[in-house]
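# Structural characterization, general
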Amino acid sequence: MTGKTSAETALPLAPLALAFACVGANGLSTIAADTIFVSVFSLGDLSRFLGVAAVVRVVASLLYAAIVDRVAGDDPRRAGTLDGAVLAVTILLFGGSALVARSGSPAVLYGLCLAQLVLPPLLPLIAFNAITSLLAARQAKRVLPLIAAAATLGSIATSAAATYLAPRAGVPTLFWMGALLCIPAVPILARMGAKALPEPSGPASLAKPTFFQTLRETGSDIREVPAVRVVVAMGLLGTLIANFVDFSFKAALKEAYDRDQMAAVLGTFGVIANAVVLVMQILVTGRLVGRIGVGRSLLAGPVLVGGAGLASSVLPPVLGAGAVRLTEFAVRFGIGNSVADVLLVPLPRTVRTREAKGREIGRAHV
């Protein structure tokens, strides 16, 4: 038979909800941590923190990849259990962060911001791996745009909530919201793991990879798998651009706003930026890729950000830096990540996970 089964045509409500919750919770973590750090520490501290953050992301994400390979391998049920445990610990992290966010100690707040780099950034990866484990490769083009739209709606909703709540209830409230979003994601993840498609069987092996084997395998993926090589290279270039643009934007905000106002501004920016991304995902990305191809679509980001940077020179500092940041954010999430996801779906789960770690390695060289 050539007809599609009901499983292939049904609207994937559980994956949509998981993408909404995980990406939204990560967005709340980012807004709260950025607001606390920029309002408390100097611009010199901020520039150094970008390097520290890259190292923390690399170590945390590679450890996660090694644990996934060793404990779960290609078994989606074990992977779902492990990811559920990560979500549960993240809930505790959000609760603890909310309790200490009002501390007057710079050391405590620095540690809080570092902690937000360890687990919350794994949430979108957990959602992506769980969702793609449910999909056959032929379903990716139909389902992934819906998943991307749900994730973007999660960012819009949480950014709007941050804009309203931060000036009224304070920044710690954002951490409580992140915890509440993660709670229903745990049973969703468990149910999805039980339904996940088995990975294609390979050569039998009882040996589990060690941490250093995971590092070597990541390098091997980059050398031998063209899709991984392209995505990692573009990730490195995108990170170079994103860090520079992000620093300029935060420096402009620090000069213009206090802490709660800054959280509201970041929330407003999140609403606008993610709304632009949503429009691009629905109306632009598919047509663009179909017209100019994958390669040129990936290169659109640097070209558009460069043009925005030139135009920003005639605008006030906050508006100009915000315009460049908006352009960078929109092309990265509206085009770059969507194209990368399509390239990676046919790969085994362990390769997809290691590829995401490869992108994190690129961050360390910034």
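Scroll up to find the structure.
All values reported here derive from a predicted model rather than from experimental measurement.

## Focus on the overall build of the protein chain
In terms of helices and strands, the protein chain carries 13 helices and zero strands. Written out in order from the N terminus, the α and β elements of the protein chain read α-α-α-α-α-α-α-α-α-α-α-α-α. Considering the protein chain as a whole, with its 366 residues, one finds that 50% of them fall into the buried category. Pairs at least 24 apart in sequence give 85% of the contacts found in the protein chain among residues at least 6 apart. Entry remark: accessible area of the protein chain is about 16700 Å², with carbon and sulfur atoms responsible for 69%.

## Points about the packing of aromatic side chains
Where two aromatic rings form a pair, the distance of their centres and the angle of their planes describe that pair. Considering all chains together, one arrives at eight aromatic pairs under this definition. Considering the side-chain rings of F37 and Y110, the 5.7 Å spacing of their centres and the 55° angle between planes classify their relative orientation as tilted. Remark: Y110 occurs in helix α5 (residues 106–115) and F37 occurs in helix α2 (residues 13–40); sequence separation between them is 73 residues. The class for F37 is buried, based on a relative accessible area of 3%.

## Overview of the nonpolar core
Core analysis: the largest hydrophobic core is formed by 73 residues, its most contacted members being L18, I36 and F175. With 13 residues, the single largest contributor to this core is α2. Apart from residues lying up to four places away in sequence, L18 is in contact with A127, A130, A185, I188, L189 and M192. Within the second largest apolar cluster, five residues are counted, among which are V245, V305, A308 and V331.

## Considering the pattern of salt bridges
Summed over all chains, the structure comprises six salt bridges. One salt bridge in this structure joins K250 and D34, with 3.1 Å as the shortest N-O distance. Placement of K250 in helix α10 (residues 226–256) and of D34 in helix α2 is noted, with a sequence separation of 216 residues between them. Look at K250 and you get buried, because its relative accessible area is 8%. Note that K250 and D246 form a salt bridge whose closest N and O atoms lie 2.9 Å from each other. Within this pair, K250 and its partner D246 are both found in helix α10, separated by four residues, close to a single helical turn. Residue class for D246 comes out buried when judged on its relative accessible area of 13%.

## Notes on the environment of R48
Here R48 is to be found in helix α3 (residues 43–72). On the basis of relative accessible area, R48 is assigned to the exposed category, the value being 54%. Within the structure, the side chain of R48 is placed 2.6 Å from the side chain of D45, a separation counted as a polar contact.

## A word on the packing of α2 against helix α6 (residues 122–132)
It is at 8 Å that the axes of α2 and α6 come closest, and there the two elements cross at 165°. Judged by the angle between their axes, α2 and α6 are roughly antiparallel. For the crossing formed where α2 meets α6, the hand is left-handed. Where α2 abuts α6, its residues P15, L18, A19, C22, V23, A25 and N26 lie against L123, P124, A127, A130 and I131.

What counts and how
Position numbers for residues start from 1 in each chain and track the written sequence from start to end. Selection of residues for local features in this predicted model requires a pLDDT of at least 70, selection of side-chain atom pairs for listing and counting requires 80 or more, and totals for whole chains, interfaces and linings are taken over all residues. Calculation of side-chain values draws on the structure's entire complement of heavy atoms; hydrogens and water are dropped beforehand. Helix numbers and strand numbers start at the N terminus; a helix is a DSSP run of H or I with at least 4 residues, a strand a run of E with at least 2. Burial classes follow relative accessibility: with a 1.4 Å probe on protein chains only, a residue under 20% of its type's maximum area counts as buried, one over 50% as exposed, and anything between as partly exposed. We call two residues in contact when some of their heavy atoms are within 4.5 Å. Residue exposure ignores everything except the shown protein chains as possible cover, and the areas themselves are Shrake-Rupley values with a 1.4 Å probe. Pairs were defined over the aromatic rings of Phe, Tyr and Trp, the Trp ring being its six-membered one, requiring ring centres within 6.5 Å. Orientation was assigned from the angle between planes: stacked under 30 degrees, edge-to-face over 60, tilted for the rest. Residues grouped as a nonpolar core are buried Ala, Val, Leu, Ile, Met, Phe, Trp, Tyr and Cys residues, joined through side-chain atoms within 4.5 Å. A carboxyl oxygen of Asp or Glu within 4 Å of a side-chain nitrogen of Lys or Arg is what we treat as a salt bridge. The definition of a polar contact used here is a pair of N or O atoms within 3.5 Å, where within protein one atom must be able to donate a hydrogen and the other to accept one, and adjacent residues in sequence count solely through side-chain atom pairs. Fitted lines through C-alpha atoms serve as axes, helices being fitted only where they are in contact, and the angles separating the N-to-C directions of these axes extend from 0 to 180 degrees. The scheme is simple: roughly parallel for angles under 35 degrees, roughly antiparallel for over 145, roughly perpendicular for 65 to 115, oblique for anything else. Note: crossing handedness is left-handed where the near helix turns anticlockwise from the far helix by less than a right angle, and right-handed where it turns clockwise.

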